[in-house]
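# Structure assessment
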Amino acid sequence: MQLAEVREGLEGVVVANSSMSWIDGENGVLIYQGYNIHDLAEKSTFEEVIFLLWNGRLPTQAEFDDYFKRLSDERQLNDQEWDFVRRYANSQVHPMAFLRTAVSFLAHSDPDVEDNSHEANVRKGFRLTGKMAVMVAAFDRIRNGKEPLQAKPEWNHAKNFLWMLKGREPDELEARAMDVALILHADHGFNASTFAARVTAATLSDLHSAITSAVGTLKGPLHGGANTRVMQMLLEIGEVERAEQWVLDALARKERIMGFGHRVYRTMDPRAVHLRELSKKLCERIGETKWYEMSEKIFEVVHREKGLWPNVDFFSASTYYAMGIPLDLYTPIFAMSRVVGWVGHCLEQYAHNRLIRPRANYVGPKGLQYVPIDQRT
Ligand SMILES: CC(C)(COP(=O)(O)OP(=O)(O)OC[C@H]1O[C@@H](n2cnc3c(N)ncnc32)[C@H](O)[C@@H]1OP(=O)(O)O)[C@@H](O)C(=O)NCCC(=O)NCCS
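Below you will find a few notes about this structure. (Residues numbered from 1 in each chain as written. Predicted model: local features only at pLDDT ≥ 70, side-chain atom pairs only at ≥ 80, totals over all residues. Heavy atoms only, no water.)

### Digging into the overall build of the chain
This is how it is decided: Comment: elements are numbered from the N terminus, with helices defined as DSSP H or I runs of at least four residues and strands as E runs of at least two. In this setup the radius of gyration rests on C-alpha atoms only. A globule is expected at 2.2 Å times the number of residues raised to 0.38. Partly exposed residues are those whose accessible area sits between 20% and 50% of the maximum for their type, while under 20% is buried and over 50% is exposed, using a 1.4 Å probe and protein chains only. Note on contacts: a residue pair qualifies if any of its non-hydrogen atoms lie within 4.5 Å across the two residues. Note on areas: Shrake-Rupley, 1.4 Å probe, and residue coverage restricted to the protein chains presented here. In summary, the charge assignment counts Lys and Arg as positive and Asp and Glu as negative, without counting His or the chain termini. Every charge is mapped onto a representative atom, which is NZ of Lys, CZ of Arg, CG of Asp or CD of Glu.
Secondary structure summary: the chain contains 16 helices and 3 strands in total. The globule rule puts the C-alpha radius of gyration for 377 residues at 21 Å, and the 22 Å found for the chain is close to it. Reported as C-alpha extents along the three principal axes, the dimensions of the chain are approximately 70 × 55 × 45 Å. A buried classification covers 52% of the 377 residues belonging to the chain. The contacts of the chain with a sequence gap of at least 6 include a subset with a gap of at least 24, amounting to 75%. Accessible surface, the chain: about 17900 Å² in total, of which carbon and sulfur atoms supply 50%. Positive and negative side-chain charges in the chain, numbering 45 and 50 respectively, have mean positions lying 4 Å apart.

See below:
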C-alpha cells in the first residue's frame, strides 16, 4: 500500500471530530464548546467551565450547585493517599513526576476504576480534579515542614487551592487570578497531552491510565513545562535593562525562548491577553513590577527579531511568581486545570471510539541476513 507523505509532528493533520474546543490560529480565537475564551475568562468560573466541557452547554443554577458540591466532596484523600503524598513530598522527586505517579496511584482506590461508562468516568473526573489539587498543595506544604490543610466546602476550587497551598485566605484578586488561570488552561484542542490521553483511551484502557499518559506528556519543556522555564529565564536575566541583550545573545546561539511560538497560533495567543493583564496587576500589587516589565521587553525583542508571539506559558510565569507560587508548581497547576479537558476529551473518545493507530514511513534497511552472534565481527 502506498502511504501518504510524512507530516512531521502531525502538523496540520486532522485526526478526529471534536466539539470540545476550537482554535483559529490566524485570528487568535479560542472557543470552548462554542463560547469565546474572552467571555469565559471575564465572566465565568472554573466550576462552570467544568460543566461546559463535560456536558457541551452551560449549567443551570441547580446544575452548577451540584457540580460545585461534587467537586468539593472530592477535595480529600484517604489514608493510603496521604501516606503516598508524605512519602514523596520528602524526597527529591519533581512535583510533576510526583503528580504523574499520583494520578496512577489514585486508580488503586477508585471504586470505578475499570468501569468505562460515561457516568463512572464523570465520577472519576471529579475525583481526579479534586484530589490532584489537594495533592499538589499538600506536597508543597509537607516538603516545607508544614501540615496539609483541609479544603473549605464553601470556597471554589481556585480559592481552595491557594488556601491549601499557603495557609491563608487569598484576597479577591489572587483568588480570581487563579480562577481565570484555571479557566484559560482547561482545554486547547488536540494539544500533545490531550492527544496522548485520547490515544490511551482509544485502546479502551481506563481513564486513570489516559490521564497518567497526559500528565507525562504535559511535563515536557515544549508543552506545559515551558512556564517554569520562563520564570527561570526572568530570574536569570534579573533586571529589565539586561533583557534585550540576553534575548539577542540567546537567539544568536539559536536557542529557543521559552513561552514563545506555537504550532497553531500565528498571532497573540488569546489566553496570553488575560495573563498579561494579571501579571501587570499582581506584580504591581507586590510592588515588583520588574517581572512584568521584563516580560514586556522580552516580548518586544522576540517579536521584533523573530516575529514570534507569546503563548499561554509566557505571562503565566510572572503571574504565578507574583502570587508567591514556587516555580516547580507552575506545570502541576497547568495539569490541575487541563485534567478537565483531558477528561472531556476521553468522554468524547469513549463515546465514538476507534483505535488510534497511525503508520510510519519505514526508512530502515530490508532483507538483511541474520548472522549468529558467534560469527559477527
Ligand atoms: C511551541 C513550539 C514547540 C512549536 O513548535 P513547532 O510548531 O514544531 O515549530 P518549530 O519548532 O518547527 O519552529 C518553527 C521556527 O520557529 C522557531 N521558533 C519556534 N519557537 C521558537 C522560540 N520559542 N524561540 C526561538 N525560535 C523559535 C524555530 O527555531 C523554527 O525556526 P527555523 O524554521 O528557522 O528553524 C515552539 O514554538 C517552541 O519550542 N516554543 C518554546 C516552548 C514553549 O513555549 N512551549 C509552550 C507551548 S504552549
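### Here we look at the packing of helix α2 (residues 46-55) against helix α8 (residues 172-185)
Just so we agree on the cut-off: Axis angles are defined between N-to-C directions and span 0 to 180 degrees, where every axis is a line fitted to C-alpha atoms and, for a helix, only to the segment in contact. When an angle is under 35 degrees it counts as roughly parallel; over 145 it counts as roughly antiparallel; between 65 and 115 it counts as roughly perpendicular; any other value is oblique. Working rule for handedness: look at the near helix, and if it is turned counterclockwise from the far one by less than a right angle, call the crossing left-handed; if clockwise, right-handed. Classification convention: Asp, Glu, Lys, Arg as charged; Ala, Val, Leu, Ile, Met, Phe, Trp, Tyr, Cys, Pro as nonpolar; all other residues, Gly among them, as polar.
Closest axis-to-axis distance for the α2/α8 pair is 9 Å, and the angle between their directions is 15°. Relative to α8, the element α2 lies roughly parallel. When the axes of α2 and α8 are compared, the crossing they make is left-handed. Of α8, the residues touching α2 (which contributes Phe46, Glu47 and Val49) are Asp179, Leu182 and Ile183. Among the residues making up the contact of α2 with α8, the classes are represented as 4 nonpolar, no polar and 2 charged.

### Notes on unusual backbone geometry
The backbone of Leu204 shows a phi angle near 65°, a positive value even though the residue is not glycine. Take Leu204: it is sitting in the loop between α9 (192-201) and α10 (207-218). Owing to a relative accessible area of 53%, Leu204 belongs among the exposed residues under this scheme. Positive phi, normally seen in glycine, also occurs at Lys254, with a value near 60°. With respect to the helices, strands and loops of the structure, Lys254 is situated in the loop between α12 (240-252) and α13 (270-285). Judged by relative accessible area, which is 75%, Lys254 ranks as exposed.

### Details of the sheet that holds strand β3 (residues 35-36)
Using the following cut-off: Strand pairing is assigned whenever DSSP detects at least two bridges linking the two strands.
The sheet built from 3 strands is open, its strands ordered β1-β2-β3 with antiparallel pairing. Two strands close off the open sheet at either side, each with one partner strand: β1 (21-24) and β3. Across 2 bridges, strand β2 (residues 29-32) lies against β3 in antiparallel orientation. The residue of β3 that forms the bridge with Tyr32 is Tyr35.

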